[in-house]
Amino acid sequence: MNSKNNNIIDGRAIANDIAGELKIEAEKFYQLKRIKPKLSVIILGEDPASVFYVKMIEKSCQKVGFQFEKNNLKENTAQEDLLKLINLLNDNKDIHGVIVQTPLPKNINQKVIQESLNPDKDVDCFNPINMGKLALGNPDFLPCTPYAVFEILKREKIDLEGKHVVIIGRSSIVGKPLALILLLKDPNANATVTVCHSKTPDISFFTKKADIVIAAAGKAGLIRAGMLNNGTIIIDVGTNEVNGKLVGDVEFEEVAHISKKITPVPGGVGPVTNMMLMGNLLKAAKIQQKILY
Ligand code: NAD
């Protein structure tokens with residue numbers, strides 16, 4: 001990373017700020033209801049990336065003083081048994097948020113699992129009801145990674161109104177909901193959005209016209225300086241392992257020289273994502289206590 005550049009967005013500092021704000025908000029909620037939000041995570045099997053991610057969630061809960069529990073299930077758990085556990089957690093008043101860690105084993109139908117989550121406890125925003133509310137422009141929850149991108153842009157005071165944002169990636173957990181968020185009729189959104197994906201023939205055609213480029217393809221080295229105008233703002237969501245090193249989708253060293261602002265990998269979107277999950281958990285607890293809505 002080039003330390004001479006002061007255009008590098010510090011995701012860890014933003015995450016710390018959010019953690020501090022959440023602690024204050026959670027303390028007020030505790031004074032009112034004597035409740036500390038509790039997250040229950042279900043993990044099937046021992047996929048190392050999933051185990052690591054769940055550990056990070058646990059640490060985030062500790063950081064803001066929220067309760068955490070992990071339900072370790074065998075990889076070959078029957079879908080019926082998984083659904084039984086989800087229903088128990090859905091009905092448990094002491095649990096405010098439920099996450100079923102993905103990817104799921106092949107014998108489990110992801111669609112059925114997403115639909116089985118109580119929408120009020122769906123802090124990952126995977127349930128079609130929550131995605132539908134977002135698509136209609138009236139969300140309860142925002143999916144954590146796109147929410148982190150939105151929050152970073154807001155905290156960096158990057159005005160999106162009318163700006164041309166090019167998103168690379170159209171997945172249901174990052175690219176697509178991010179486009180919906182940036183299109184919201186919200187003073188911090190109101191962007192003009194283009195979504196590119198693996199079938200877009202010439203991404204440069206779009207990125208050269210962009211004020212802001214958000215890369216979420218999961219392809220190291222996808223975004224090069226020659227594809228951008230000077231002064232473009234770059235948010236790199238991608239996480240790729242190259243020679244044992246974590247890198248984003250953006251060729252960081254060359255792009256950092258020409259961009260107005262850029263998020264690094266690691267230390268950019270990732271740490272903020274976990275804090276947005278904590279924000280969703282607190283919001284879920286408030287919704288369940290009829291404090292919000
Ligand atoms: P995904 O594989 O589900 O989707 C990738 C998307 O990128 C697809 O829509 C695909 O069409 C598009 N794409 C792939 N190759 C492309 C190419 N060469 N040109 C243009 N488009 C291309 O992945 P995902 O779950 O959306 O995640 C995307 C990336 O973000 C991954 O690297 C993932 O690890 C990372 N991620 C990071 C965080 C975080 O908190 N930092 C969270 C979630 C995902």
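The structure contained in this document is the topic of the report that follows.

Analysis parameters
- Residues numbered from 1 in each chain as written.
- Predicted model: local features only at pLDDT ≥ 70, side-chain atom pairs only at ≥ 80, totals over all residues.
- Heavy atoms only, no water.
- Axes fitted to C-alpha atoms, helices over the stretch in contact; angles between N-to-C directions.
- Helix = DSSP H or I, 4+ residues; strand = E, 2+ residues; numbered from the N terminus.
- Parallel < 35°, antiparallel > 145°, perpendicular 65-115°, else oblique.
- Contact = heavy atoms within 4.5 Å.
- Nonpolar A, V, L, I, M, F, W, Y, C, P; charged D, E, K, R; others polar.
- 1 Å grid on protein atoms, 1.4 Å probe; cavity = no way out; pocket = protein on both sides within 12 Å on 5 of 7 lines; lining within 4 Å.
- Points joined across faces, edges and corners; volume = space filled by probe spheres on them.
- Near = heavy atom within 4 Å.
- Polar contact = N/O pair within 3.5 Å; in protein donor to acceptor, adjacent residues only side chain to side chain.
- Areas by Shrake-Rupley, 256 points an atom, 1.4 Å probe, with all protein chains shown as cover.
- Pairing = 2+ DSSP bridges.
- Buried < 20%, exposed > 50% of the residue type's maximum accessible area, 1.4 Å probe, protein only.

1. Considerations on the packing of helix α5 (residues 128-135) against helix α7 (residues 175-182)
To describe two helices that pack against each other, one gives the angle between their axes and the distance between the axes. For the pair α5 and α7, interaxial distance at closest approach is 9 Å and the crossing angle is 40°. As the angle between them shows, α5 and α7 are arranged oblique. Contacts between α5 and α7 involve M131, L134 and A135 on the former and, on the latter, P177, L180 and I181. Looking at the contact of α5 with α7 residue by residue, the class counts come to 6 nonpolar, no polar and no charged.

2. Description of empty space enclosed by the protein
The rolling of a water-molecule-sized probe over the atoms marks out the regions of remaining empty space. Summed over all chains, the structure comprises 1 cavity of 30 Å³ or more. Taken as a whole, the largest cavity holds about 50 Å³ of empty space. In terms of lining residues, the largest cavity is bounded by V100, T102, L104, Q110, I113, Q114, L117 and F126. If one sorts the elements of the lining of the largest cavity by residue count, helix α4 (residues 110-116) sits on top with 3 residues. Here the lining of the largest cavity is composed, by residue class, of 5 nonpolar, 3 polar and no charged.

3. Describing the site of the ligand
The local shell around the ligand holds 20 residues, among which R170, S171, S198, G218 and T239 are the closest. Between R170 and the ligand, the recorded distance is 2.8 Å, taken from a backbone N or O atom to an oxygen atom. The separation between an oxygen atom of the ligand and a polar side-chain atom of T273 is 3.0 Å. In the complex, 71% of the free accessible area of the ligand, which totals 850 Å², lies under the protein chains. Classifying every residue of the shell around the ligand gives 8 nonpolar, 10 polar and 2 charged.

4. Re the layout of surface pockets
Considered as a void within the structure, the largest pocket measures approximately 1,300 Å³ in volume. In terms of lining residues, the largest pocket is bounded by 40 residues, among which Y53, T145, V237, T239 and T273 are the most central. Those elements that provide at least two residues to the lining of the largest pocket are α2 (48-64), β3 (97-100), α6 (144-155) and α10 (269-288). Grouping the amino acids of the lining of the largest pocket by side-chain chemistry returns 22 nonpolar, 14 polar and 4 charged. Around the second largest pocket sit 25 residues that line it, and Y147, E151, K154, M276 and K283 are the ones nearest its centre.

5. Section: the sheet that holds strand β2 (residues 67-73)
Taken in spatial order, the 3 strands make up an open sheet running β2-β1-β3, and their pairing is parallel. Strands with a single pairing partner mark the edges of an open sheet, and in this sheet they are β2 and β3. Each strand of the sheet is rotated relative to its neighbour by a mean of 15°, with strand direction disregarded. In this fold helix α3 (residues 79-91) packs onto β1 (38-44), β2 and β3, with an angle of close to 180° to the strand it touches most, β1. Relative to β1, α10 is tilted by about 120°, and along the sheet it contacts β1 and β3.

6. Some remarks on unusual backbone geometry
Residue P103 is reached from T102 by a cis peptide bond, and omega for that bond is 5°. Of the consecutive residues V265 and P266, the connecting peptide bond is found in the cis state with omega at 0°. With a phi close to 55°, R34 is a non-glycine residue in the positive phi region. The topology assignment puts R34 in the loop between α1 (11-33) and β1. With a phi angle near 60°, N190 is a residue other than glycine that sits in the positive phi range. By the element assignment, N190 lies in the loop between α7 and β5 (192-196). A relative accessible area of 25% means that N190 is categorised as partly exposed.

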